[in-house]
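Summary of structural features
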Amino acid sequence: MGPHPAVAAIRLAVRRVLHDILTEQPPAPDTRRTPARGAARPCTSDAERVPAPGTRRSMPTPARARHDEPPASSRRPGGDVLPAPLVLVACSGGADSMALASALAFEAPKLGIRAGGITVDHGLQPGSDLRADEVVLRLTELGLAPAESIAVTVGRDGGPEAAARDARYAALDSAAERHGATAVLLGHTRDDQAETVLLGLARGSGIRSLSGMAAVSGADGRYRRPFLHLDRQTARKACMVQSLPVWDDPHNADPAYTRSRLRHEGLPALEKALGKGVVEALARTAQLSRDDADALDAWASQAEASVRDAAGLLECAKLYALPPAVRRRILRRAAIEAGAPAGSLFARHIEEIDRLITGWRGQGAINLPGKVVAQRQGGRLVIRQG
């Protein structure tokens, strides 16, 4: 008898992502070097590892989960051992990420992949450090190594949700680089995708915002989201049938947070008014929007060289001839290259720059985030630090 359908679904989703990761791995050079006699051996034991600043001590790996010998698939014909790729899971202890951690722990060894887990302690609730240690223990019991918690300080820029997200991704980036991880798995589900699309729609941020979260994102495709096609209930069911304890973050039910209000009030109201299937439809909209946005981005990238003069300045007449969706992408890219922070550059900023081309009446310079200034000079659009 096979696993429960929910468990089978999460494992299949992770297996597909791990296969993609292995396929993308470049072949290792066949150096066939052996260490010189008397050369120092690298530190590999748990006792020898020194945690980086901001991290708490990792739990030791249980003997049953420790892999002293790499899988056969990681050996060269000459017998030299190739380092197996490491994949980390970001785990809060909630149902989505615990289901993801369990699936990674099950699938990774079968493919010759090392699997570890990271939990981020935002320090926003009493006892968060103890809860983070509990998550590390659960990850260790699943056989994940390394398994560690990272304490972060959450700032205030962009509001509490954005600030916590920025601190979390910075910690995950640091952990991935420190451990040499090939990828970091995130537990976002189809429900999270639907919420992201609605938030983007409410902000009026355009088609890229409506495309939601990408299955692959980050530097060099570091972040992977295996569960974007699975609903939240499937992940929770998988935890229940595997007897995995989960923690429900009270912030997820706090109406002070926009996403929480959308999850508990907005989406249920939409489903009551429009019927079931709203979440699936929004997730489908995200994928269609992403396909369109990717095509427009590629068009803008190809067209950009044709609208610059010999000195590299943007020519307003040539920009005017482009479709608005392509032109505004070029303007946004130019503003970011000049130093405007991408996260602070909104649609209204791009529209103001666009009016220097489509509605020119001698207006003055436009101030953008990051102390960047855009102005029209002699038929050219100049975007630079002010």
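Residues numbered from 1 in each chain as written. Predicted model: local features only at pLDDT ≥ 70, side-chain atom pairs only at ≥ 80, totals over all residues. Heavy atoms only, no water.

1. Points about the environment of Gly159
As for its placement among the helices and strands, Gly159 is situated in the loop between β3 (147-151) and α4 (160-179). For Gly159 and Tyr257, which are 98 residues apart along the polypeptide, the C-alpha to C-alpha distance reads 9.8 Å. (Helix = DSSP H or I, 4+ residues; strand = E, 2+ residues; numbered from the N terminus.)

2. Things to note about helix α2 (residues 95-107)
End to end, α2 covers 18 Å across 13 residues, agreeing with the expected 18 Å (1.5 Å per residue, within 8%). Among the residues of α2, Ala95, Asp96, Ser97, Met98, Ala99, Leu100, Ala101, Ser102, Ala103, Leu104, Ala105 and Glu107 are the ones counted as buried. (Expected span 1.5 Å × (residues − 1). Buried < 20%, exposed > 50% of the residue type's maximum accessible area, 1.4 Å probe, protein only.)

3. Re the pattern of salt bridges
If you walk through the whole model with that rule in mind, you get 25 salt bridges. One salt bridge in this structure joins Arg333 and Glu304, with 3.3 Å as the shortest N-O distance. Of this pair, Arg333 sits in helix α11 (residues 324-337) while Glu304 sits in helix α9 (residues 278-304), and the two are 29 residues apart along the sequence. The shortest N-O distance in the salt bridge between Asp354 and Arg327 comes to 2.6 Å. Of this pair, Asp354 sits in helix α12 (residues 347-358) while Arg327 sits in helix α11, and the two are 27 residues apart along the sequence. (Salt bridge = Lys/Arg side-chain N within 4 Å of Asp/Glu carboxyl O.)

4. Some points on the sheet that holds strand β5 (residues 216-217)
Strand pairing in a sheet takes place through backbone hydrogen bonds and is either antiparallel or parallel in direction. Strand order in the open sheet made by the six strands is β3-β2-β1-β4-β6-β5, with mixed pairing throughout. In this open sheet, the two strands that pair with only one neighbour each are β3 and β5. Taken together, the three bridges between strand β1 (residues 86-90) and strand β4 (residues 183-185) define a ladder with parallel strand orientation. Paired with Leu88 across the strands is Val184, a residue of β4. (Pairing = 2+ DSSP bridges.)

5. Thoughts on the pairing of β3
Buried residues dominate β3, accounting for four of its five residues. For strand β2 (residues 114-121) and β3, the ladder comprises five bridges, and the chain directions are parallel. Its bridge partner lying in β3, Ile118 is registered against Glu148. Taken together, β2, helix α3 (residues 128-141) and β3 form a β-α-β motif whose crossover is right-handed. (Right-handed = clockwise from strand over helix to strand, strands pointing away.)

6. Some remarks on the nonpolar core
Counting 36 residues, the largest nonpolar core has Val14, Leu18, Leu104 and Phe227 as the members making the most contacts within it. Contributing elements (two or more residues each) for this core: α1 (5-24), β1, α2, α3, β4 and α7 (232-241). What Phe227 contacts, discounting residues up to four positions off in sequence, is Ile10, Ala13, Val14, Asp96, Ala99, Leu100, Gly187, His188, Thr189 and Arg190. One finds Cys316, Ile330, Ala334 and Val372 within the second-largest nonpolar core, a separate group that totals 26 residues. (Core = buried A, V, L, I, M, F, W, Y, C linked by side-chain atoms within 4.5 Å. Contact = heavy atoms within 4.5 Å.)

7. Re the packing of α11 against α12
The contact between α11 and α12 brings their axes to 10 Å, and the two run at 115°. Two packed elements cross with a definite hand, and for α11 against α12 that hand is right-handed. Counting all contacts with α11, which are made through Arg327, Arg328, Leu331 and Arg332, the residues of α12 involved are Ile350, Ile353, Asp354, Ile357 and Thr358. When the residues that make up the contact of α11 with α12 are grouped by side-chain class, the tally is four nonpolar, one polar and four charged. (Axes fitted to C-alpha atoms, helices over the stretch in contact; angles between N-to-C directions. Left-handed = near helix turned anticlockwise from the far one by under 90°. Nonpolar A, V, L, I, M, F, W, Y, C, P; charged D, E, K, R; others polar.)

8. Digging into α11
Given a rise of 1.5 Å per residue, 14 residues ought to cover 20 Å, and the 20 Å separating the end C-alpha atoms of α11 matches this to within 8%. Among the residues of α11, those classed as buried are Val326, Arg327, Arg329, Ile330, Leu331, Ala334 and Ala335. At the C-terminal side of α11, Gly339 shows a positive phi close to 120°.

9. A few points about the packing of helix α5 (residues 190-203) against α9
Put simply, α5 and α9 touch, their axes get as near as 8 Å, and they point 70° apart. With respect to each other, α5 and α9 are oriented roughly perpendicular. At the point where α5 passes α9, the crossing takes the left-handed sense. Residues Arg190, Asp191, Gln193, Ala194, Val197 and Leu198 of α5 pack against Val279, Glu280, Leu282, Ala283 and Ala286 of α9. Looking at side-chain class alone, the contact of α5 with α9 contains seven nonpolar, one polar and three charged residues. (Parallel < 35°, antiparallel > 145°, perpendicular 65-115°, else oblique.)

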